[in-house]
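Structural characterization, general
So you can see what is in the structure, the chains are spelled out below.
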Amino acid sequence: MNYTETENKIPLIAIAGQPNSGKTTLFNLLSGRNSKTVNYPGSTVEYSVAPLLPKFSLKAKVIDSPGIISLVPSSIDEKISIDTLYSHPELGKPDVIIVTVDASQLSRHLFIALQLIESKFKIVVVLTMTDLLLKKNFNISAKKLSETLKCDVVKLDNRTGNGVNEIVKSVNKILVSSHNVSEVHFHSHPSFDKDDLLLNSYDAIGQIEKDVLYKVQSQLSETELLKANEKLVVLNSEPAFLKPDELTLKLDRIFLHKFWGLIIFFIVMFILFSSIFYVAAPIMDLVSEGISLLSGYTVTLLGDTWYGNLISQGVINGVGSVLVFLPQILILFLLLGLFEDSGYLARGAMLIDKPLSLIGLNGRSFVPMLSGFACAIPAIMATRTIPNRRERLLTIFIIPLMSCSARLPVYALLIAFLIPADKPVLGGLVLTFIYVISVFSSVLIASIIHKIVSKYSRRKDSSFILELPAYRKPKLSNVIRNSYRNARHYIVKAGPVILMLSLLIWVLTYFPNTEPQVDETGKTADEIILLKNSERVATSFAADLGKMIEPVMKPLGLDWRVGVSLIAAFAAREVFVSSLALIFKVTDDGDLQNSILSSMRNATFRDSDQKVFTISSTAGLIVFFVFALQCISTLAISRKETGSWKVPMVQLFVFTLLAYIAALITVTGFRFFGMA
Amino acid sequence: MKTAADLKVNETAIIKRIDRSHPSYRRLLEIGFTPGQEITLLNRTLFNDPISFSIRGTIFAIRKEEASHIFI
Ligand SMILES: Nc1nc2c(ncn2[C@@H]2O[C@H](COP(=O)(O)OP(=O)(O)OP(=O)(O)O)[C@@H](O)[C@H]2O)c(=O)[nH]1
Ligand SMILES: [Mg+2]
């Protein structure tokens with residue numbers, strides 16, 4: 001018999017358990033979703049809800065939750081997380097909780113299962129990572145565990161999905177039988193706050209562990225072990241203690257080595273950021289050429305009319321100039337993903353905890369900061385795993401300084417302008433250097449704020465306790481899927497903004513003088529078009545607008561056209577590139593990027609022959625982008641996570657001012673050393 | 001009294017008790033650092049801080065300051 005909607009409410013199944021226990025993996029199996037699963041404790045920070053796949057023929061909603069260590073919260077964010085488990089703000093109390101228990105770390109993971117049972121939740125225990133348990137030469141009896149806990153226990157093989165059907169069956173059984181639901185005890189449950197009881201439950205767990213775990217023959221290969229599974233010979237009835245994974249212990253000797261550990265850390269970071277530049281280059285050229293071809297076709301097709309112009313310039317070149325950089329962004333996501341799933345990130349967090357703690361941050365700030373290089377929005381959300389509030393706020397504050405992927409298009413273009421194309425090594429170095437500046441400046445700013453704040457209050461409840469998960473070969477398919485999803489997200493979210501602003505800028509640069517009068521004598525048709533283009537822009541609305549901000553741009557050695565682009569970039573940074581492409585009226589010879597570059601090389605100030613883009617002004621622009629907070633979404637998420645507009649407004653003001661001053665210093669410095 | 005922070009690399013000991021007044025006391029118990037449990041110090045990083053321990057089949061990195069409130 002299947003549970004039906006007799007109670008006019010679709011049943012709610014929550015998945016809960018310790019961090020990194022395989023909750024999201026199970027959630028994906030049950031719902032067919034593609035949520036990010038990664039080998040780092042704390043990868044999920046938000047609740048997500050999805051209906052159960054139709055193939056399970058059970059109408060229910062399933063919730064994925066952030067990992068919890070105990071039902072007694074030890075930080076505000078943990079409290080929110082636990083409260084949501086007890087009662088989801090929209091969906092209410094879950095009817096069943098599926099508890100994922102990492103079988104290779106049985107005792108620690110049973111702890112939360114026991115607490116949930118004590119809170120009178122109806123639970124189904126799912127044993128994950130049984131393959132890792134077998135590697136440790138142990139196996140587990142689900143039957144015995146089920147008898148002891150008095151709830152269903154299912155082994156899940158996440159590679160084949162074996163066990164999912166049993167899980168749904170067990171859930172269904174509970175739903176059918178629990179028409180007269182007993183009230184759930186809230187976590188003010190008296191026993192949870194008593195240490196003795198906490199110790200008692202660990203004693204009980206110790207006993208359970210002895211009963212359900214048994215040692216198995218070790219000489220078999222992993223696949224044989226998996227095949228043999230339950231039927232393995234019990235070699236030793238003596239209880240033995242679970243030990244960490246052997247390979248992990250060996251690798252940690254190297255990766256956490258006093259000296260080599262740090263060297264490897266820096267090398268890994270260097271490879272990560274410099275390869276973004278090298279690996280992507282050939283793919284980018286292809287995309288770039290494709291877009292120019294397309295834009296060229298439209299011009300031939302529609303002629304030099306306003307609509308031909310609108311489509312080839314406003315739409316294709318505008319949006320295309322940003323799309324060119326998609327390969328770089330994809331590669332960044334791919335590398336970060338590989339890295340995350342290997343289990344190394346937790347080591348990175350450990351290695352860098354001490355230095356970070358000196359500037360008011362925490363080892364747990366490392367992963368959010370690193371993901372800030374992809375995008376500030378998930379990065380700011382990831383700070384929820386930092387228990388100390390002050391450390392968390394400080395991490396949120398500096399995350400916009402991490403050079404996010406939206407800045408890549410801008411840097412790549414400006415670097416391509418500075419560095420000749422035949423010196424790609426130098427280009428990669430400059431990009432790496434930009435990343436280094438971004439890290440250094442964030443460290444500097446964090447330490448200044450830390451100094452100021454600790455003058456006024458000296459609370460010291462900072463802590464760093466982090467599980468170091470076993471190393472694993474990254475699951476390539478997972479990583480690729482994650483990167484694809486991120487890249488698609490990038491296009492879907494940024495795409496419309498870029499398109500709309502591109503169109504707006506096109507309008508501003510095309511009107512009102514649509515048919516400018518130029519001296520055509522002795523000029524070829526192409527030259528006439530070029531001349532008309534520049535005359536049209538020079539007398540456009542954008543020019544009027546730009547002249548107002550020219551006084552601010554002048555000291556940076558830039559003209560109004562760059563100023564307009566910079567303002568447009570406050571909506572989203574990538575728009576800077578498309579805006580340049582439009583304002584400098586890219587004509588298509590060769591590929592799109594090269595034609596933007598050549599227009600930049602030829603650009604001069606209105607009233608003189610002086611070039612706009614020089615070494616000094618371009619370097620100044622790069623520096624401006626390093627600091628400026630030009631992203632509306634970042635401000636919004638910062639408000640949401642900090643609870644008020646205070647932090648985002650301070651961020652906007654401080655970082656923009658800083659950007660301008662730093663750019664000014666750079667430009668002046670370069671000029672001083674004779675590099676105009 | 002000897003604490004977990006005094007262990008040498010690869011040295012194993014049994015936890016006697018954890019300082020109750022320490023802010024991380026509860027969290028340490030919850031993650032399985034309970035009296036009577038065996039812990040092994042695995043790695044000390046450059047600054048000797050944090051330190052990684054193996055306990056109940058899991059590896060944890062904790063700060064030296066926290067480890068020095070775990071008595072062995
Ligand atoms: N070997 C093995 N790996 C698994 C198994 N289940 C999940 N994983 C991997 O374990 C890691 C963590 O899985 P997730 O599903 O992200 O875990 P989670 O509980 O959602 O973690 P948080 O969101 O951080 O709390 C991922 O790298 C998974 O690919 C399993 O049964 N065996
Ligand atoms: Mg998860």
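Residues numbered from 1 in each chain as written. Chains lettered and ligands numbered in written order. Predicted model: local features only at pLDDT ≥ 70, side-chain atom pairs only at ≥ 80, totals over all residues. Heavy atoms only, no water.

With that settled, the discussion passes to the overall build of chain A. Counting secondary structure elements, chain A contains 28 helices and 9 strands. Within chain A, the fraction of its 676 residues that count as buried is 54%. The contacts in chain A between residues at least 6 apart in sequence include a share of 74% that link residues at least 24 apart. If you sum the accessible surface of chain A, you get close to 29800 Å²; carbon and sulfur atoms cover 65% of it. (Helix = DSSP H or I, 4+ residues; strand = E, 2+ residues; numbered from the N terminus. Buried < 20%, exposed > 50% of the residue type's maximum accessible area, 1.4 Å probe, protein only. Contact = heavy atoms within 4.5 Å. Areas by Shrake-Rupley, 256 points an atom, 1.4 Å probe, with all protein chains shown as cover.)

For the rest of this paragraph, the subject is unusual backbone geometry. The step from Asp49(B) to Pro50(B) runs through a cis peptide bond, and the omega angle for that step is -5 degrees. Here Pro50(B) shows up in the loop between β3 (38-44) and β4 (51-55). Here the phi dihedral of Asn20(A) falls at roughly 65 degrees; this positive angle occurs in a residue that is not glycine. Examined against the element boundaries, Asn20(A) turns out to sit in the loop between β1 (12-17) and α1 (23-31). Located in the positive-phi region is Met129(A), a residue other than glycine, with phi close to 55 degrees. Here Met129(A) shows up in the loop between β5 (123-128) and α4 (130-135). By relative accessible area, Met129(A) is classed as buried at 12%.

So, about the interface of chain B and chain A. Listed as interface residues are 36 residues of chain B and, on the opposing side, 45 residues of chain A. Summed over both partners, the interface of chain B with chain A buries about 3600 Å², with 57% contributed by carbon and sulfur atoms. At the surface where chain B touches chain A, the tally comes to 3 salt bridges. Close ionic contact of Arg63(B) with Asp353(A) constitutes a salt bridge, the shortest N to O distance being 2.7 Å. (Buried area = accessible area lost by both parts, 1.4 Å probe. Salt bridge = Lys/Arg side-chain N within 4 Å of Asp/Glu carboxyl O.)

With that out of the way, let us pick up the packing of helix α18 (residues 408-418) of chain A against helix α24 (residues 575-583) of chain A. Residues and elements named next belong to chain A. Relative to each other, α18 and α24 sit at 50 degrees, their axes nearing to 7 Å. Classified by the angle between their axes, α18 and α24 sit oblique to one another. The residues of α24 that touch α18, namely those facing Pro409, Val410 and Leu413, are Phe576, Val577 and Leu580. Taken together, the residues of the contact of α18 with α24 break down into 6 nonpolar, no polar and no charged. (Axes fitted to C-alpha atoms, helices over the stretch in contact; angles between N-to-C directions. Parallel < 35°, antiparallel > 145°, perpendicular 65-115°, else oblique. Nonpolar A, V, L, I, M, F, W, Y, C, P; charged D, E, K, R; others polar.)

Residues and elements named next belong to chain A. As a matter of local geometry, ligand 1 sits amid 23 residues, with Thr24, Thr25, Thr44, Asn158 and Arg472 nearest to it. Within the side chain of Asp131, one N or O atom sits 2.8 Å away from a nitrogen atom of ligand 1. Asp341 places a polar side-chain atom, nitrogen or oxygen, 2.9 Å from an oxygen atom of ligand 1. For ligand 1, whose accessible area on its own is 650 Å², the fraction buried by protein is 96%. The element contributing the most residues to the shell around ligand 1 is α1, with 3 residues. (Near = heavy atom within 4 Å. Polar contact = N/O pair within 3.5 Å; in protein donor to acceptor, adjacent residues only side chain to side chain.)

Residues and elements named next belong to chain A. The end-to-end C-alpha distance of helix α26 (residues 615-627), which contains 13 residues, comes to 19 Å, matching closely the 18 Å that a straight helix rising 1.5 Å per residue would cover. Buried within α26 are the following residues: Ser616, Ser617, Thr618, Ala619, Gly620, Leu621, Ile622, Val623, Phe624, Phe625, Val626 and Phe627. Those residues of α26 hidden inside the fold are in contact with α18, α19 (424-456), α23 (560-568), α24 and α28 (646-672). (Expected span 1.5 Å × (residues − 1).)

In this section: the pairing of strand β3 (residues 61-64) of chain A. Residues and elements named next belong to chain A. Taken together, the 4 bridges between β1 and β3 define a ladder with parallel strand orientation. For Ile15, the partnering residue across the bridge sits in β3 and is Asp64. Two strands pair when backbone bridges link them, and strand β2 (residues 48-51) and β3 are joined in this way by 4 bridges, in the antiparallel orientation. The residue of β3 that forms the bridge with Ser48 is Asp64. (Pairing = 2+ DSSP bridges.)

Before going further, it helps to examine the nonpolar core. Soluble globular proteins: nonpolar side chains tend toward being buried together. Leu370(A) and Phe613(A) are the most contacted members of the largest nonpolar core, which has 98 residues in total. The element best represented in this core is helix α10 (residues 260-302) of chain A, accounting for 10 residues. Setting aside its immediate chain neighbours within four residues, Phe613(A) contacts Phe417(A), Val562(A), Leu580(A), Phe584(A), Met600(A), Ala603(A), Thr618(A) and Leu621(A). Cys151(A), Tyr25(B), Ile51(B) and Ile70(B) belong to the second largest nonpolar core, which has 63 residues in total. (Core = buried A, V, L, I, M, F, W, Y, C linked by side-chain atoms within 4.5 Å.)

Residues and elements named next belong to chain A. Along the polypeptide, Ser403 turns up in the loop between α17 (389-398) and α18. By relative accessible area, Ser403 is classed as buried at 1%. For Ser403, the contacting residues outside a window of four places in its chain are Gly372, Phe373, Tyr411, Ile434, Tyr435 and Ser438.

Before going further, it helps to spend a moment on the side chain of Lys155(A). All names here are of chain A. With respect to the helices and strands, Lys155 occurs in strand β7 (residues 153-155). With relative accessibility at 17%, the residue Lys155 sits in the buried group. Of note is the side chain of Lys155, whose polar atom sits 3.2 Å from the side chain of Asn139. In terms of polar contacts, Lys155 uses its side chain to reach the backbone carbonyl oxygen of Ile140, at 2.9 Å.

Turning next to the confidence of the model for chain A. Residues and elements named next belong to chain A. Considering every residue of chain A, the mean pLDDT works out to 82; 90% of them sit at 70 or more. Across residues 1-7 the pLDDT falls below 50, and counting only partners more than four positions away or on other chains, this stretch makes 15 contacts in the model. Segment residues 229-239 is flagged for pLDDT under 50; beyond a separation of four residues in sequence, or across chains, it makes 21 contacts in the model. (pLDDT = per-residue confidence, 0-100.)

All right, on to the coordination of the magnesium ion (ligand 2) then. All names here are of chain A. Looking at the magnesium ion (ligand 2), one finds its protein donor set to be Thr24 (OG1) and Thr44 (OG1), positioned 1.9 to 2.0 Å from the metal centre. Placement of Thr24 in helix α1 and of Thr44 in the loop between α1 and β2 is noted, with a sequence separation of 20 residues between them. Like Thr24, the residue Thr44 is buried in the burial classification. (Donors = N, O, S within 2.8 Å, 3.2 Å for Na, K, Ca; no water.)

This part takes up the pattern of salt bridges. Applying the stated criterion across every chain, the model contains 17 salt bridges over all chains. We note a salt bridge from Asp77(A) to Arg392(A), for which the minimum N-O separation is 2.9 Å. Of this pair, Asp77(A) sits in helix α2 (residues 76-86) while Arg392(A) sits in helix α17, and the two are 315 residues apart along the sequence. The exposure classification of Asp77(A) matches that of Arg392(A), with both residues buried. The shortest N-O distance in the salt bridge between Glu30(B) and Arg26(B) comes to 3.2 Å. Taken together, the residues span about one helical turn, with Glu30(B) and Arg26(B) both in helix α1 (residues 25-30) at a distance of 4 residues. One network of salt bridges, with partners in common, ties together Glu46(A), Asp77(A), Arg384(A), Arg392(A), Lys640(A) and Glu641(A).

All names here are of chain A. In this structure the tally under the stated criterion is 15 aromatic pairs over all chains. For the ring pair Phe397 and Phe655, a centre distance of 5.3 Å and an interplane angle of 50 degrees mean the geometry is tilted. Separated by 258 residues along the polypeptide, Phe397 in helix α17 and Phe655 in helix α28 bring together distant segments of the chain. One aromatic cluster is present, formed by Phe255, Phe339, Tyr344 and Tyr471 through successive ring pairs. Over the ring of Tyr471 we find Arg347; its NZ or CZ atom is 4.0 Å from the centre of that ring. (Phe/Tyr/Trp six-rings, centres within 6.5 Å; stacked < 30°, edge-to-face > 60°. Lys NZ or Arg CZ within 6 Å of the ring centre and 35° of its normal.)

The next subject is the sheet that holds strand β9 (residues 465-467) of chain A. Spatial ordering of the open sheet is given by β9(A)-β5(B)-β4(B)-β3(B)-β1(B), a layout of 5 strands whose pairing is antiparallel. Looking at the sheet topology across the chains shown, the edges are occupied by β9 of chain A together with β1 (12-14) of chain B. If you compare each strand with its neighbour and ignore which way they point, the axes differ by 30 degrees on average. Of the strand pairs in this sheet, β4(B) and strand β5 (residues 58-62) of chain B are connected by 5 bridges, and their pairing is antiparallel. Pairing of Phe53(B) across the sheet is with Phe60(B), part of β5(B). Of the strands in this sheet, β3 and β5 of chain B are in contact with helix α9 (residues 246-255) of chain A, which crosses β3(B) at around 35 degrees. Of the strands in this sheet, β9 of chain A together with β3, β4 and β5 of chain B touch helix α13 (residues 344-351) of chain A, which is tilted by about 160 degrees from β9(A).

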